[in-house]
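Single-letter residue listing:
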Amino acid sequence: METFDVDVDVDVAVLGSGFAGSIAALGCHQLGLRTVLIDRARHPRFAIGESSTPVANRVLRDLAERYSLPRLVPLAKFGPWQRAYPQLGCGLKRGFSYFDQPRGQPFSPDRSHRNELLVAASADDETSDTQWLRADVDTFLAREAAAAGIPVFEGVRLGAPVRDPRGGWRLRSDPEQLAIHARFVIDGTGEAAVMARATGAAPRLERLHTRSRMLFSHFQGVGAWDDWLRDHGGDVDSHPFRCDDAAQHMLLDGAWMWLLRFQHNLASVGIAIDERRFPLEPAITPEEEWHGWLRAHPSVAELLANAELAAIPGRMIRSGRIQRRAGAAAGEDWAALPNTAGFIDPLHSTGIGHSLCGLERLLDILGQSWARPELAERLNDYQRIMFEEIALIDLLVDGCYRSLGAFRAFTAWSMLYFAAATTYEHRRAAAGSDGTRYDSRLWFLNADNPEFRAMVATLHRQIDRGRLDETAWERTVADAVRPYNRVGLFDPDAHNLYRYTVAPE
Ligand SMILES: Cc1cc2nc3c(=O)[nH]c(=O)nc-3n(C[C@H](O)[C@H](O)[C@H](O)COP(=O)(O)OP(=O)(O)OC[C@H]3O[C@@H](n4cnc5c(N)ncnc54)[C@H](O)[C@@H]3O)c2cc1C
């Protein structure tokens, strides 16, 4: 990963060495395609997007096995990760936890768990999901690519890709130290969406409902919510897992906060804000805004009372509206990875799982159809599927934002996500025709099922009409979810504490 002065001719140029770009490069290399990997940044660098899920881990393991990348297998579960790579920052994630934090009031522990929701994924710590300290994980994967013999170029400022008269794309760095002719480009540049821009496809934001903006950083010394609950008479012994070992959500008024804990007392904490209710006010600094949210939610403020910004990134980061959707996700000789095709929101931690599912689909297409006449048509399908998946994620997330402030309505709407995720997991576990466990007919989060998509869209239109009676609404959603409810969602005897929802291996 040094400075260079080169002119190369390759089959595939992967732009962006986030975890998805690096695994894409490794996969292409294993398919026998001459591959390069290029990033404008240098590892290690801060990145957000850290909470994995059962889907993400299943696909990561399957990709590692299918493309003979055994060194990636331990990353798919907490126990093996700890033994193989203790140096890579990681956190234990047993599931999702949610706590209702009304504005201006302390959290009020309730023995019947009416204001909390815990959904366990895995049965134990050993097989558990993880929080990825992305600076470490992304560095590791980029180094794996370099160790495999893939030329990895970091710190490169690319000019806009242009069509090459020989076919494919011409990529040049600015200043001109690097020139690449690539037959195919995989775009993993995220927000930059280099290829969609190069092809002139305008972003299609108007298709998205969710409107949220982010305020976040990494912190040292965040308190344990499990301790807070214990100290205030909460019934934590009934929890299916320690509620801090989770993608932890504090539901605020018009926003929600995530807390993802890594080892060594480090945590990723951020607030995802409904910008319809709280538009960004540039006159207020990110720090002032952060403290304003804490003041309005006193129990959360107690949890963060001794927290300090971690050295990296060392500041509060604030975004404008975070949703994006590129105008194109593929052409006949390029394809965008999911986070480049579009992004909705951190809610439900769909990012890593979607990235890996899309990558799996793309590698399957390239493996089967490289240089064959059907490639363009299959890439067109890839794009169509990607946009359907993004549209479904958008509805699943937006319904939650519209339910903020009504805990039962929020819980009911989240069950649509859990139904989608667990249905996808179970169908995937049952599929796998040729030993790869991959079935191209299954789309992320059950998005291949038109009835499921239509059901979510119909319910979303109802939520859009305004607040409904919470009991009636719960019943409506529970009825709609029934055909996809394999794990006892809405079971009144569960009292909002769901144990072990992951599909069997
Ligand atoms: C606030 C927030 C919280 C999130 N939380 C979660 C979560 O908890 N769980 C989850 O699953 N997902 C989460 N996500 C989504 C997650 O961040 C993405 O799914 C993930 O980062 C996608 O990885 P990637 O490798 O595709 O792209 P990225 O991580 O976006 O990497 C893109 C790479 O491209 C490089 N690049 C950019 N422009 C250029 C260019 N012009 N030329 C070359 N290189 C370029 C960048 O330097 C970077 O290395 C979150 C996202 C946000 C915004």
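Quick note: structure is the one above.
These numbers were taken from a predicted model, which means no experiment stands behind them.

J.: What should I look at first to understand helix H14 (residues 470-481) in this one?
T.: Working note: α-helix, 3.6 residues per turn, so residues spaced by three or four point in the same direction. Its 12 residues place the ends of H14 16 Å apart at the C-alpha level, agreeing with the 16 Å of an ideal helix rising 1.5 Å per residue. Those residues of H14 that sit buried are Trp473, Val477, Ala478, Ala480 and Val481. The arc that holds the buried residues of H14, viewed along the axis, is 165°, so those residues lie on one side.

J.: Please explain empty space enclosed by the protein as it appears in this structure.
T.: Gaps between atoms show up when a probe of the same size as a water molecule is rolled over them. Counted according to the given criterion, the structure contains 5 cavities of 30 Å³ or more. Of the volumes computed, that of the largest cavity is approximately 120 Å³. Taken together, 18 residues form the lining of the largest cavity, with Pro54, Phe96, Tyr417, Ala421 and Glu425 sitting closest to its centre. Considering each element in turn, the lining of the largest cavity owes the most residues, 5 residues, to helix H12 (residues 407-430). The volume enclosed by the second largest cavity comes to roughly 100 Å³. What lines the second largest cavity is simply Pro338, Asn339, Gly342, Phe343, Ile344, Asp345, Thr350, Gly351, His354, Ser355, Ile390 and Ile393. Listing elements by their share of the lining of the second largest cavity, those giving two or more residues are helix H9 (338-341), strand E20 (342-343), helix H10 (351-369) and helix H11 (375-403). Residue contributions to the lining of the second largest cavity peak at 3 residues, all from H10. Here the lining of the second largest cavity is composed, by residue class, of 5 nonpolar, 6 polar and 1 charged.

Reading the values: the criteria
Residues numbered from 1 in each chain as written. Predicted model: local features only at pLDDT ≥ 70, side-chain atom pairs only at ≥ 80, totals over all residues. Heavy atoms only, no water. Helix = DSSP H or I, 4+ residues; strand = E, 2+ residues; numbered from the N terminus. Expected span 1.5 Å × (residues − 1). Buried < 20%, exposed > 50% of the residue type's maximum accessible area, 1.4 Å probe, protein only. Arc of directions from axis to C-beta. 1 Å grid on protein atoms, 1.4 Å probe; cavity = no way out; pocket = protein on both sides within 12 Å on 5 of 7 lines; lining within 4 Å. Points joined across faces, edges and corners; volume = space filled by probe spheres on them. Nonpolar A, V, L, I, M, F, W, Y, C, P; charged D, E, K, R; others polar.

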